[in-house]
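# Per-entry structural report
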There are 6 protein chains.
Amino acid sequence: MFLHKQELQFASTPDKPDAVYARKLQEVLGGQYGEISVAMQYMFQGWNMHTPGKYRDLVFGIGAEEIGHVEMLATMIAQLLEKAPLGITSDAVQDDPTVAAVIGGTDVQHAIVAGAGARPVDSNGNPWQGSYITASGNLLADFQANANAEMQGRVQVARLYHMTDDHGVRELLSFLLARDTMHQNMWLAAAAELQEEGAETLPVPSNFPQSKEYTDVSYQYLNFSDGAAAAEGRWAKGPAPDGKGEFTYHDGPTTSAPMPPPTHPDSRFYGTTELPNVVEKAAGAAQDALNKE
Amino acid sequence: MFLHKQELQFASTPDKPDAVYARKLQEVLGGQYGEISVAMQYMFQGWNMHTPGKYRDLVFGIGAEEIGHVEMLATMIAQLLEKAPLGITSDAVQDDPTVAAVIGGTDVQHAIVAGAGARPVDSNGNPWQGSYITASGNLLADFQANANAEMQGRVQVARLYHMTDDHGVRELLSFLLARDTMHQNMWLAAAAELQEEGAETLPVPSNFPQSKEYTDVSYQYLNFSDGAAAAEGRWAKGPAPDGKGEFTYHDGPTTSAPMPPPTHPDSRFYGTTELPNVVEKAAGAAQDALNKE
Amino acid sequence: MFLHKQELQFASTPDKPDAVYARKLQEVLGGQYGEISVAMQYMFQGWNMHTPGKYRDLVFGIGAEEIGHVEMLATMIAQLLEKAPLGITSDAVQDDPTVAAVIGGTDVQHAIVAGAGARPVDSNGNPWQGSYITASGNLLADFQANANAEMQGRVQVARLYHMTDDHGVRELLSFLLARDTMHQNMWLAAAAELQEEGAETLPVPSNFPQSKEYTDVSYQYLNFSDGAAAAEGRWAKGPAPDGKGEFTYHDGPTTSAPMPPPTHPDSRFYGTTELPNVVEKAAGAAQDALNKE
Amino acid sequence: MFLHKQELQFASTPDKPDAVYARKLQEVLGGQYGEISVAMQYMFQGWNMHTPGKYRDLVFGIGAEEIGHVEMLATMIAQLLEKAPLGITSDAVQDDPTVAAVIGGTDVQHAIVAGAGARPVDSNGNPWQGSYITASGNLLADFQANANAEMQGRVQVARLYHMTDDHGVRELLSFLLARDTMHQNMWLAAAAELQEEGAETLPVPSNFPQSKEYTDVSYQYLNFSDGAAAAEGRWAKGPAPDGKGEFTYHDGPTTSAPMPPPTHPDSRFYGTTELPNVVEKAAGAAQDALNKE
Amino acid sequence: MFLHKQELQFASTPDKPDAVYARKLQEVLGGQYGEISVAMQYMFQGWNMHTPGKYRDLVFGIGAEEIGHVEMLATMIAQLLEKAPLGITSDAVQDDPTVAAVIGGTDVQHAIVAGAGARPVDSNGNPWQGSYITASGNLLADFQANANAEMQGRVQVARLYHMTDDHGVRELLSFLLARDTMHQNMWLAAAAELQEEGAETLPVPSNFPQSKEYTDVSYQYLNFSDGAAAAEGRWAKGPAPDGKGEFTYHDGPTTSAPMPPPTHPDSRFYGTTELPNVVEKAAGAAQDALNKE
Amino acid sequence: MFLHKQELQFASTPDKPDAVYARKLQEVLGGQYGEISVAMQYMFQGWNMHTPGKYRDLVFGIGAEEIGHVEMLATMIAQLLEKAPLGITSDAVQDDPTVAAVIGGTDVQHAIVAGAGARPVDSNGNPWQGSYITASGNLLADFQANANAEMQGRVQVARLYHMTDDHGVRELLSFLLARDTMHQNMWLAAAAELQEEGAETLPVPSNFPQSKEYTDVSYQYLNFSDGAAAAEGRWAKGPAPDGKGEFTYHDGPTTSAPMPPPTHPDSRFYGTTELPNVVEKAAGAAQDALNKE
């Protein structure tokens with residue numbers, strides 16, 4: 001159950017309107033790694049979780065915070081759009097060709113569809129979609145996904161920080177950057193705790209019996225490109241991070257098999273078959289004709 | 001530049017046709033975490049990489065291996081479909097209602113669209129899409145994304161292992177599981193190496209000046225749900241994994257701000273405004289009428 | 001700002017596992033008119049709203065309720081999947097061909113991707129997307145959209161009611177049906193109130209000067225099909241609901257214009273032009289060749 | 001069956017080329033509420049309708065008109081693009097940086113993909129999709145959806161009216177505005193007629209027995225946000241629009257239930273389970289190893 | 001302008017209900033190569049065409065026919081669904097597990113969303129989308145696309161023919177097969193006529209000066225796989241179909257270039273750069289800190 | 001199996017940065033007819049092919065070449081972005097409003113998401129998707145699709161050639177144009193060879209017995225628009241290209257059938273039925289109430 005409070009987590013007001021920047025901010029609201037994604041990702045992890053207690057409280061607690069971040073960004077976007085030229089022709093300022101050109105860099109659906117409001121889309125106007133999120137039920141895998149989401153998100157916010165000099169916007173971003181710092185650390189700590197407690201270990205999923213995998217290649221670096229430098233990394237020799245094997249380096253595959261012969265599905269799928277079959281095909285067609293319903 | 005060799009990395013032939021399982025295998029070919037995703041993800045990381053040497057060789061080398069895994073799965077799917085009942089009505093076996101029912105569980109586009117062949121889609125028939133992949137240019141973030149992809153992928157292959165008892169299919173899966181073990185370890189090793197070399201550290205991106213973030217909340221656990229157990233995790237006290245702060249725990253936000261007043265965009269967007277405005281609106285409409293072109 | 005409470009709005013537990021029904025329930029969780037849609041729609045309307053007070057409180061209050069409905073459905077779906085056969089082969093029950101067939105009717109990603117958990121998708125596995133929602137800033141239009149969403153949603157829940165005889169599931173549905181009844185009534189009441197207060201009237205948007213529309217056809221029923229019965233409806237004669245015109249009926253258009261001549265864009269777009277142009281095209285190509293850089 | 005006539009419903013020619021505006025017009029051709037949407041929506045309602053006569057004639061008659069509106073907009077877009085600078089470099093005008101900048105505001109696929117022609121996409125270049133439409137078979141719900149589509153559509157056309165001062169374009173928009181006025185009125189009249197005739201009433205679907213819903217909450221306003229003003233609306237007291245209940249107002253839910261315990265699916269989905277299970281898991285893994293195939 | 005006539009082009013009534021087959025038929029209604037695709041494709045080609053006369057009349061004439069085919073399929077799908085078990089639990093027949101299993105093979109949105117009606121989706125439930133169509137303005141390319149669409153469509157209808165033994169359905173399919181035969185022939189004839197008249201020739205686009213292409217490789221077969229048999233085809237020697245070159249065969253590329261060095265974008269994008277840069281990066285960060293706003 | 005070589009097929013370096021052009025180039029990398037599409041299309045045709053030898057070698061050989069073209073374009077895009085202004089505010093040049101405006105024409109995700117790198121999207125930022133490709137198993141149909149893809153692709157590259165005057169970019173395009181020339185010719189030659197060898201003929205699929213189609217309309221041109229000029233084409237009289245029929249011309253359909261009566265699905269789908277049913281409906285509701293569980 002969710003309760004809404006008409007407060008924001010942090011105060012910030014833009015110095016001035018900026019519709020082009022409003023479009024850019026959409027990335028961290030409704031993009032692949034935007035706030036809708038993390039809010040939904042953590043919530044679905046909570047609803048699918050098989051264990052009560054600290055991990056479930058964690059995903060619910062942070063999930064709810066992230067919906068509030070969606071709200072902060074949507075509010076900021078509406079403020080940035082409020083007085084910005086958005087293409088209304090009789091505005092004197094619009095007649096300036098440079099202004100007209102700038103309008104070309106906005107999300108035109110901000111004006112036409114939302115009437116100067118935020119939308120659940122990314123900075124190119126692609127609608128947010130459910131396929132962005134990850135909630136597998138395996139917490140070590142999912143916390144890795146969460147750490148990744150917070151890293152990609154913080155990279156994007158850091159880039160956006162340099163794309164404006166508006167103090168109000170930068171204040172909001174400085175707040176989001178700090179929370180991303182916390183959340184990166186938090187998911188890495190949670191992943192470490194899972195392993196310390198023995199709930200999960202590497203490789204994920206840890207309780208699949210490794211005896212069932214083809215262990216000859218479990219710790220082999222197989223190089224399918226012609227760059228030799230990959231042999232220099234710590235993935236090419238020495239103990240593997242899971243503590244269960246030693247890396248070795250190989251140039252190309254260590255196993256191979258001939259390509260199997262082509263398949264021959266039922267002829268009524270009308271795929272093209274080998275030429276020796278042409279005669280048979282003609283016979284078949286004749287037979288078909290005879291059998292014609 | 002890519003060269004194709006008419007060999008597979010590993011020999012495996014299914015014991016028997018199984019179109020329902022062929023549909024399920026599509027998940028790890030064309031799903032969010034399937035082989036097309038990792039192949040494309042590593043390649044785009046290579047093309048966007050700013051540094052030559054071991055890391056670039058790594059993404060190219062493994063990226064090329066993964067395209068070969070797409071091929072192994074596509075080949076297996078075609079073999080599983082080859083003799084399977086796929087809905088052709090005159091097949092005696094099809095008249096059995098149970099067989100008819102099983103056909104309902106196949107990807108019907110395998111038959112109608114591909115003529116008993118593989119497709120670039122997931123196990124629910126959703127087409128693969130470019131928004132599944134991650135290539136930000138920041139290697140620590142991206143290797144985290146790669147480790148996540150290999151973890152999610154190995155979880156899915158492990159589940160699929162238990163959904164068949166076909167020895168040939170299981171052999172292929174045992175090979176893929178082993179490679180996922182390697183690749184998980186490899187990306188974690190690569191992420192560790194980046195940090196040891198000082199190329200990147202936490203939090204990502206590490207060279208964004210932390211002084212520009214709102215540091216008061218950089219290491220605060222803020223609990224927005226009512227479960228108290230989140231306070232027990234190591235994300236709630238003690239040193240953070242980045243070595244730059246100490247976690248603290250707080251029930252709810254430590255900052256807040258009143259919701260800002262609503263925006264008032266140009267009236268020609270025809271949004272609904274406050275009621276005191278109704279009179280003004282009428283006046284405006286009258287004025288508009290007078291000014292009518 | 002949102003706070004999460006580890007309670008549901010209504011208690012319900014399924015009598016028995018049912019993975020096929022879990023798939024069907026996804027429609028009202030993550031479909032076009034599912035709970036994610038209404039939650040997001042009302043929230044974005046709130047963030048884009050230009051007026052404080054009762055209407056904004058309304059969309060925030062109901063929006064937050066709807067996120068809780070997402071949670072109730074996700075919880076129910078996880079419960080329905082918990083003990084259901086989902087394709088793990090060694091389960092004795094799975095060897096029964098009828099059971100195998102039933103598994104074909106499940107959302108196979110419930111098993112492979114989510115490990116027996118809910119997903120942000122519809123009943124055919126299509127991911128939820130941001131383009132499902134409506135938040136234009138014009139409240140009369142948007143409340144109409146909301147009433148429609150609640151009507152479509154209640155129709156779908158009513159259908160789902162008859163697709164199960166599980167008492168626990170039906171209890172949940174009976175609760176959702178009641179809330180849909182409330183919400184339909186509520187949005188219709190809100191739309192009526194907007195009009196009574198004079199904030200908005202018909203046609204939407206009401207303060208666009210109707211003098212700027214081509215009023216000859218503003219109240220004409222133009223029949224482009226050959227069925228005569230459309231003339232019998234109250235849209236074909238009598239006063240229009242907006243109180244500003246009288247309907248008239250016409251068989252076919254009352255205005256028409258010849259199709260304009262084709263366009264002739266720049267020849268360097270390499271579109272095919274009229275045949276008399278062939279000579280010119282050859283000349284142009286020759287000229288191009290001369291000018292060759 | 002459909003017949004095409006090489007005429008348009010209304011004559012209009014743009015004064016001058018304007019590729020940026022052509023992009024904006026795509027919204028009402030191929031956007032969520034564009035003409036393709038209404039044409040398809042009304043047609044599918046016709047094909048799915050269970051009753052002959054005036055309602056079916058209505059959706060067929062208006063559906064066919066709307067395909068003609070798609071044609072008018074596509075024609076206008078091609079005309080706006082015909083002589084516009086679209087990025088061909090040797091055009092003198094293109095060398096002007098302002099012109100170059102304006103080109104950045106166009107839909108670049110208009111040039112690259114369509115060679116200066118219209119496309120079935122919205123103003124951000126998102127392809128039109130089938131999930132935009134609604135055709136449930138319940139006419140009261142569907143006519144509500146239709147009224148909403150015409151309202152949203154008229155709001156967008158009204159906004160577009162102010163984004164150009166081209167007389168030819170404005171003429172076309174004035175025609176579309178008038179038809180949207182008619183169509184809004186028409187669907188509201190049709191919805192009213194359905195109710196007067198007793199074919200459908202509120203709440204939709206009206207013949208689902210309300211006794212099967214959890215009637216305690218059927219007319220309760222439950223406030224999940226902290227704004228008190230929602231209590232002032234007519235949705236909070238007095239008779240509901242369906243004539244079947246009285247609204248009441250409540251701060252927060254009137255029912256609640258504890259969050260159910262987490263689910264525990266089959267261990268072979270490799271979800272993370274509670275820590276007490278760790279021992280069991282190890283035992284299970286050992287057992288698995290023994291049983292290894 | 002379009003007029004609708006309440007007639008179908010061909011009479012056909014299914015012998016019996018069949019919801020699984022109804023789902024399969026959706027492929028040729030709303031799939032990549034379904035009737036919506038060809039209707040939209042031909043219409044957009046008409047609206048974007050630069051030449052009046054026979055070619056424009058052709059695309060308009062056939063486009064309108066195809067909308068009628070959408071209608072025939074939608075009508076048939078509704079008929080196939082009319083009396084079919086679709087999951088309503090109290091139906092006696094539904095209690096049979098085999099029937100329940102068959103229901104699993106239906107498009108469950110046919111029941112839940114459309115109330116036993118057709119939808120604008122393919123046989124896996126993916127919504128139709130605007131990106132399926134092709135209308136480039138170059139008629140030789142577009143007629144090639146049209147011929148392809150009719151070929152793929154006829155292959156799919158032929159497969160569907162064998163997936164039912166219902167006489168009414170087969171009659172409809174036999175009609176569509178005949179029209180596909182006509183339309184394949186028609187587009188090939190139209191493509192031939194364009195070339196005979198000299199309006200377009202090969203390679204498309206024919207009036208791009210071939211002197212501007214890197215002609216060394218214009219007729220070289222370059223083999224990037226290790227199969228030698230590709231040398232046996234008529235694409236490897238002899239005159240090319242465009243009459244402008246002679247094919248030659250080469251094993252691998254005839255040109256090559258070293259991979260260029262990595263790019264080094266602005267450091268404020270926070271991509272990872274070469275290690276020698278680490279020192280510089282630290283210095284830069286220090287400088288940034290000094291300059292801190 | 002695929003091997004990667006750190007070489008490109010052709011050397012080219014842009015003269016200067018150009019982020020707007022980088023966005024445009026994305027069309028031929030990740031658009032409907034971009035290099036990802038042809039690479040995936042040819043590969044899937046290979047994996048689904050039923051015949052060994054020259055045709056399979058052909059699709060594998062060219063498919064591998066096309067992945068290399070993806071690489072060349074991604075590399076070029078990264079180079080074009082390297083030094084281009086992408087919105088970092090402190091760059092002096094950025095303060096120039098014209099530069100700011102130009103930035104509006106870039107793909108803003110190039111900066112925010114990829115840090116000045118290429119992405120698997122088209123020129124409007126739509127992600128590449130699996131539904132762009134065609135691999136039916138019928139080689140004559142599929143080679144037609146391939147020829148179409150190469151024609152559309154060459155048209156797009158030719159347009160892009162005129163949208164830049166950068167010599168390095170033009171060199172790359174001149175190389176791609178030449179390969180498109182080869183590939184168009186190659187697929188047309190392959191389609192011709194299939195027919196000469198008798199493996200496939202027209203109409204596709206050729207071994208579906210034409211006796212099963214409704215042959216009355218197999219060679220009839222049926223004109224559903226009012227343009228008379230379509231009668232002048234060679235599709236309206238004379239022998240059809242498949243050599244199996246003579247074209248005839250008809251104004252409108254030669255067959256027709258009355259629209260069938262509406263369907264009446266189960267009343268528990270809550271569709272609206274005919275008015276005489278109202279009484280029955282009331283009775284049914286009463287009955288339902290009596291039967292209430």
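Only a predicted model underlies this, so the values are computations on that prediction, with no experimental measurement involved. (Residues numbered from 1 in each chain as written. Chains lettered and ligands numbered in written order. Predicted model: local features only at pLDDT ≥ 70, side-chain atom pairs only at ≥ 80, totals over all residues.)

Scanning chain A for helices and strands turns up eight helices and six strands. Each helix (α) and strand (β) of chain A, taken in turn from the N terminus, gives the series β-β-α-α-α-α-α-α-α-β-β-β-β-α. Over its C-alpha atoms chain A spans a radius of gyration of 28 Å, topping by over 25% the 19 Å that the globule rule assigns to 293 residues. Referenced to the eigenvectors of the C-alpha coordinate spread, the extents of chain A come out at roughly 75 × 60 × 50 Å. Within the span of chain A, comprising 293 residues, buried residues form 68% of the whole. Taking the contacts inside chain A whose residues are at least 6 apart along the sequence as the reference set, 71% of them involve residues at least 24 apart. (Helix = DSSP H or I, 4+ residues; strand = E, 2+ residues; numbered from the N terminus. Rg over C-alpha atoms; globule rule 2.2 N^0.38 Å. Buried ≥ 20, exposed ≤ 12 C-beta atoms within 10 Å, placed from the backbone. Contact = placed C-beta atoms within 7 Å.)

Residue and element names in this part refer to chain D. The strand order across the open sheet built from three strands is S3-S5-S4, with neighbouring strands paired in mixed fashion. The strands lining the two open edges of the sheet, one partner per strand, are strand S3 (220–223) and strand S4 (238–239). Pairing analysis gives two bridges linking S4 to strand S5 (residues 246–251), with the strands arranged antiparallel. In the sheet register, Gly 238 faces S5, and the bridge partner there is Phe 247. (Pairing = 2+ DSSP bridges.)

This paragraph deals with the interface of chain A and chain C. Size of an interface: often given as the accessible area lost when the parts come together. Counting from both sides, the interface comprises 41 residues of chain A and, opposite them, 41 residues of chain C. Elements with a minimum of two residues in the side of chain A that touches chain C: strand S1 (2–4), strand S2 (7–8), helix H2 (35–47) and helix H3 (54–82) of chain A. At nine residues, H3(A) tops the list of elements feeding residues into the side of chain A that touches chain C. Per-class residue counts for the side of chain A that touches chain C are 22 nonpolar, 16 polar and three charged. As defined by bridge partners, S1(A) adjoins strand S1 (residues 2–4) of chain C across three bridges and the pair is classed as antiparallel. Within S1(C), the position partnered with Phe2(A) by the bridge is His4(C). (Nonpolar A, V, L, I, M, F, W, Y, C, P; charged D, E, K, R; others polar.)

As a further point, take the domain arrangement of chain A. For chain A, the assigned domains read domain 1 (19–196) and domain 2 (210–251). Just the C-alpha atoms count here: the centres of domain 1 of chain A and domain 2 of chain A sit 37 Å apart. (Domains from an automatic or database assignment.)

Residue and element names in this part refer to chain F. Considering the arrangement of structural elements, one finds Glu 171 in helix H7 (residues 167–196). The exposure class assigned to Glu 171 is partly exposed, which follows from the 16 C-beta atoms found within 10 Å. Distance in space between the C-alpha atoms of Glu 171 and Gln 129 is 28 Å, their sequence separation being 42 residues.

Okay, the relation of the copies chain A and chain C next. Under the fitted operation, chain A is carried onto chain C by 0.0 Å of movement along the axis and a turn of 180°, and the coordinates agree to an RMSD of 0.0 Å. Taken together, the rotation angle and the small translation identify this as a two-fold axis. Within chain A, the C-alpha atom positioned nearest to the axis of rotation is that of Gln129(A), 2.1 Å from it. A shared interface surface links the copies, since 100% of the contact residues of chain A are contact residues in chain C too. (Least-squares fit on C-alpha atoms with pLDDT ≥ 70 in both.)

As a further point, take the UniProt feature "binding site: Mn(2+) 1" (unreviewed entry) in chain A. Residues and elements named next belong to chain A. Mapped onto the present numbering, the UniProt feature "binding site: Mn(2+) 1" (unreviewed entry) falls on Glu 35, His 69, Glu 150 and His 183. Spanning 149 residues, the named residues form one tight spatial group whose C-alpha atoms are at most 13.2 Å apart. Following the sequence through the fold, Glu 150 ends up in helix H6 (residues 139–161). Non-local contacts of Glu 150, meaning those with residues more than four positions away in its chain, are made with Asp 180, His 183, Gln 184 and Trp 187. Residue placement: His 183 occurs in helix H7 (residues 167–196). Classification of His 183 by C-beta neighbours within 10 Å gives buried; the count is 25. (UniProt positions renumbered as here; feature names shortened; annotations may be inferred.)

Bringing the relation of the copies chain A and chain B into the picture now. Once chain A has been moved 0.0 Å along the axis and rotated by 180°, it coincides with chain B to within an RMSD of 0.0 Å. Mapped onto chain B, 99% of the interface residues of chain A are again interface residues, and the two copies thus contact each other with one and the same surface.

To continue, consider the interface of chain A and chain B. Of the residues lining the interface, 100 residues belong to chain A; the matching set on chain B comes to 99 residues. Listed by contribution, the elements that provide at least two residues to the side of chain A that touches chain B are S2, H3, H6, H7, strand S3 (220–223) and strand S6 (257–258) of chain A. Sorting elements by how many residues they give to the side of chain A that touches chain B places H7(A) first, with 15 residues. Here the side of chain A that touches chain B is composed, by residue class, of 52 nonpolar, 32 polar and 16 charged. When S6(A) meets strand S2 (residues 7–8) of chain B, the two strands line up antiparallel, connected through two bridges. Residue Pro258(A) lies in a different strand from S2(B), and its bridge partner there is Glu7(B).

Take unusual backbone geometry next. With an omega of -10°, the peptide bond between Val204(C) and Pro205(C) qualifies as cis. One can find Pro205(C) in the loop between helix H7 (167–196) and strand S3 (220–223). With a phi angle near 75°, Ala116(B) is a residue other than glycine that sits in the positive phi range. The residue Ala116(B) is located in the loop between helix H5 (108–112) and helix H6 (139–161) in this model.

Spatial strand order, S3-S5-S4 (chain B): three strands in an open sheet with mixed pairing. Every interior strand has two partners, whereas the edge strands, strand S3 (220–223) and strand S4 (238–239) of chain B, have only one.

Before going further, it helps to spend a moment on H6(B). Compared with an ideal rise of 1.5 Å per residue, which puts 23 residues at 33 Å, H6(B) spans 32 Å between its outermost C-alpha atoms and is within 8% of the ideal. Most of H6(B) is tucked away, with 23 of its 23 residues classed as buried. (Expected span 1.5 Å × (residues − 1).)

This brings us to the packing of H6(A) against H6(B). Any two packed helices are characterised by how steeply their axes cross, that is the angle between the axes, and by the distance between the axes. Direction vectors running N to C along H6(A) and H6(B) enclose 155°, while the axes themselves pass 9 Å from each other. It follows that H6(A) is roughly antiparallel to H6(B) by the angle criterion. Here H6(A) and H6(B) pass one another in a crossing that is left-handed. From H6(A), Leu140(A), Ala141(A), Gln144(A), Ala145(A), Ala147(A), Asn148(A), Met151(A), Gln152(A) and Val155(A) reach across to H6(B), where they touch Ala141(B), Gln144(B), Ala145(B), Ala147(B), Asn148(B), Met151(B), Gln152(B) and Val155(B). (Axes fitted to C-alpha atoms, helices over the stretch in contact; angles between N-to-C directions. Parallel < 35°, antiparallel > 145°, perpendicular 65-115°, else oblique. Left-handed = near helix turned anticlockwise from the far one by under 90°.)

On to the UniProt feature "binding site: Ca(2+)" (unreviewed entry) in chain A, then. The UniProt feature table records "binding site: Ca(2+)" (unreviewed entry) at Asp57(A), Asn223(A), Ser225(A) and Gly227(A). Maximum C-alpha separation among the annotated residues is 46.5 Å over a sequence range of 171 residues, too wide for a single clustered spot. Relative to the helices and strands, Asp57(A) resides in helix H3. When the 23 C-beta atoms within 10 Å are taken as the criterion, Asp57(A) is described as buried. Setting aside residues no more than four positions away along its own chain, Asp57(A) makes contact with Ser225(B), Gly227(B), Ala229(B) and Ala230(B). Structurally, the position occupied by Gly227(A) is in the loop between S3 and strand S4 (238–239). Apart from residues no more than four positions distant in its own chain, Gly227(A) is found in contact with Arg56(B), Asp57(B), Phe60(B), Gly61(B) and Gln6(F).

A word on the nonpolar core. Counting 600 residues, the largest nonpolar core has Ile77(A), Ile77(B), Ile77(C), Ile77(D), Ile77(E) and Ile77(F) as the members making the most contacts within it. Setting aside its immediate chain neighbours within four residues, Ile77(E) contacts Ala22(E), Leu25(E), Gln26(E), Leu29(E) and Ala118(E). (Core = buried A, V, L, I, M, F, W, Y, C linked by C-beta atoms within 7 Å.)

This part is about the pairing of strand S5 (residues 246–251) of chain C. Residues and elements named next belong to chain C. Alignment of S3 against S5, held across four bridges, turns out to be parallel. Looking across to S5, one finds that Asn 223 is bridged to Asp 251. In this structure, the hairpin formed by strand S4 (residues 238–239) and S5 is closed by a connection of six residues, where Gly 243 is found at a positive phi of approximately 70°.

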